[in-house]
Amino acid sequence: MIKDIQEQIIKLKKEKNAVILAHSYQSHEILEVADETGDSYALSVAAKKYDCDSFIMCGVHFMAETVKMLSPHKRVFLANSQAGCAMADQMDKELIIPIKEREPDRTVVAYINTTADLKTVCDVCVTSSTAVEICKKIKNNKILFIPDCNLGAFVKKQLPEKDIMLLKGGCPIHAAVTREEAEQAKKLHPNAPLLVHPECRPEVCELADYVGSTSGIMNYAKSSDEKEFIIGTEISITQHLQFDCPEKDFYDLSKGLICPNMRITTLTDVYKTLLGLDNGKAFEIKMSDELIKKARVCIDEMIKLGG
Ligand code: 13P
Ligand code: SF4
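Let me begin by describing the structure that accompanies this report. (Residues numbered from 1 in each chain as written. Chains lettered and ligands numbered in written order. Predicted model: local features only at pLDDT ≥ 70, side-chain atom pairs only at ≥ 80, totals over all residues. Heavy atoms only, no water.)

1. Here we look at the overall build of the protein
- The secondary structure content of the protein amounts to 15 helices and 12 strands.
- In terms of overall dimensions, the protein is globule-like: its C-alpha atoms have a radius of gyration of 19 Å, near the 19 Å expected for 307 residues.
- With the principal axes as the frame, the protein shows a C-alpha extent of 50 × 50 × 30 Å.
- A total of 307 residues make up the protein; the buried ones form 56% of that total.
- Charge separation in the protein, taken as the distance between the mean sites of 39 positive and 45 negative side-chain charges, equals 3 Å. (Helix = DSSP H or I, 4+ residues; strand = E, 2+ residues; numbered from the N terminus. Rg over C-alpha atoms; globule rule 2.2 N^0.38 Å. Buried < 20%, exposed > 50% of the residue type's maximum accessible area, 1.4 Å probe, protein only. Lys, Arg positive; Asp, Glu negative; His and termini not counted. Charge placed at Lys NZ, Arg CZ, Asp CG, Glu CD.)

2. Brief notes about the environment of C171
- Tracing the sequence through the fold places C171 in the loop between β8 (163-166) and α9 (179-188).
- For C171 and A192, which are 21 residues apart along the polypeptide, the C-alpha to C-alpha distance reads 25 Å.
- When neighbours within four sequence positions are excluded, C171 is seen to be in contact with M87 and E199. (Contact = heavy atoms within 4.5 Å.)

3. Topic: the sheet that holds strand β9 (residues 194-196)
- Here 4 strands make up an open sheet; going across it, the order is β10-β9-β11-β12 and the pairing parallel. At either margin of the open sheet sits one strand with a lone partner, and together these are β10 (210-211) and β12 (249-252).
- Sheet strands touched by helix α12 (residues 235-244): β11 (228-232) and β12. Its angle to β12, the strand with the most contacts, is close to 170°. (Pairing = 2+ DSSP bridges. Axes fitted to C-alpha atoms, helices over the stretch in contact; angles between N-to-C directions.)

4. Topic: the side chain of E284
- Relative to the helices and strands, E284 is located in the loop between α14 (267-275) and α15 (289-306).
- Side chain to side chain, E284 and R75 meet in a polar contact 3.3 Å long.
- Residues contacting E284, with those up to four places away along its chain left out, are R75, V76 and F77. (Polar contact = N/O pair within 3.5 Å; in protein donor to acceptor, adjacent residues only side chain to side chain.)

5. Focus on the site of ligand 2
- Around ligand 2, the neighbouring residues are Y25, C85, A86, M87, N113, C171, I173, H174, E199, C259 and M262.
- Looking at the shell around ligand 2 residue by residue, the class counts come to 8 nonpolar, 2 polar and 1 charged. (Near = heavy atom within 4 Å. Nonpolar A, V, L, I, M, F, W, Y, C, P; charged D, E, K, R; others polar.)

6. Looking at the nonpolar core
- The biggest cluster of nonpolar side chains holds 89 residues, and the ones touching the most others in it are F145, I146, V196 and L253.
- Every residue in contact with V196, bar those within four places of it in the chain, is listed here: V204, C205, A208, Y210, V211, G212, I217, G232 and L253. (Core = buried A, V, L, I, M, F, W, Y, C linked by side-chain atoms within 4.5 Å.)

7. Regarding the packing of helix α11 (residues 214-223) against α12
- Here α11 crosses α12 at 30°, and the two axes come no closer than 11 Å. Relative to α12, α11 is oriented roughly parallel. Handedness of the α11/α12 crossing: right-handed. Facing α11, whose interface residues are T214, I217, M218, A221 and K222, α12 presents I237, H240, L241 and D244.
- Considered class by class, the residues forming the contact of α11 with α12 number 5 nonpolar, 2 polar and 2 charged. (Parallel < 35°, antiparallel > 145°, perpendicular 65-115°, else oblique. Left-handed = near helix turned anticlockwise from the far one by under 90°.)

8. Brief notes about the sheet that holds strand β3 (residues 54-58)
- The 4 strands are arranged β2-β1-β3-β4 in an open sheet whose pairing can be described as parallel. Taken across any chain shown, the strands that pair with only one partner, and hence form the sheet edges, are β2 (36-38) and β4 (75-78). Averaged over all pairs of adjacent strands, the angle between strand axes in this sheet comes to 20°, irrespective of strand direction.
- Pairing between β3 and β4: 4 bridges, direction parallel. Residue pairing across strands places M57 opposite L78, the latter belonging to β4.
- Each of β1 (18-23), β3 and β4 touches helix α4 (residues 61-70); the most contacted strand, β4, lies at about 175° to it.

What follows is the structure, given as structure tokens:
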């Protein structure tokens, strides 16, 4: 059954000249039919290289918006219209504009997990894999980092020379992991390095052997000589790693690390999106030229500084 749908998807995407982009948190069966897989940064830059008519994003809404901004003349679809991001939905530009007015000399750095509308009032974007490098390259030492205070705290720790102002925001799923859970996992698996996403709280990151993006965590585990690992990000990554490296053992840092938004997209959604590309039944990302022009400035800056 799964194989049949996958075959149909592969046939349809060729017929319709569509490219499937899938974030690493997606299910194995979706990753198998994707043309590109990876973390937020990898997906946003990879999209630029395709000469296709449409992109189908299997991930969350802000990721599809980013692809649309970078390829404004192509049609971009989100495989499941309900796939938002709890962090991106937390802050809007009405909240940030007055803070910018009070802090006019700060460069506003936005984590890519933000809406396009909020990006219009930000200076530079970063992803979890580029945040430290990009903030280091920003000439201004005074930064306002939004919305994730955990990623911001991680950057701040690496760059003590910078004056980084943080707001209270972040990923409710990663931020729910406690220091006690991390200590317990380490006690239970004393030989396993702890690999965590920087969206986790500082006290969890402090206990980690490696802190990095979803791709960073996967690359670390795959290239390491160690035989077991505790994975501190969405539990899909534990499952993918276990599949890719059957000779190693992977343990979830917390059973609560499940992102419902990333889980909502099914293989059937991808199939239905392909069927609906030309009859208005698929969920297309629509953005005005004005919005794209304004929001893209900080994405272009990210690519310039991070590439
Ligand atoms: P990555 O950029 O590491 O893929 O992170 C995206 C994300 O939403 C993690 O929760
Ligand atoms: Fe957003 Fe958190 Fe889900 Fe990542 S894990 S998509 S930050 S809600």
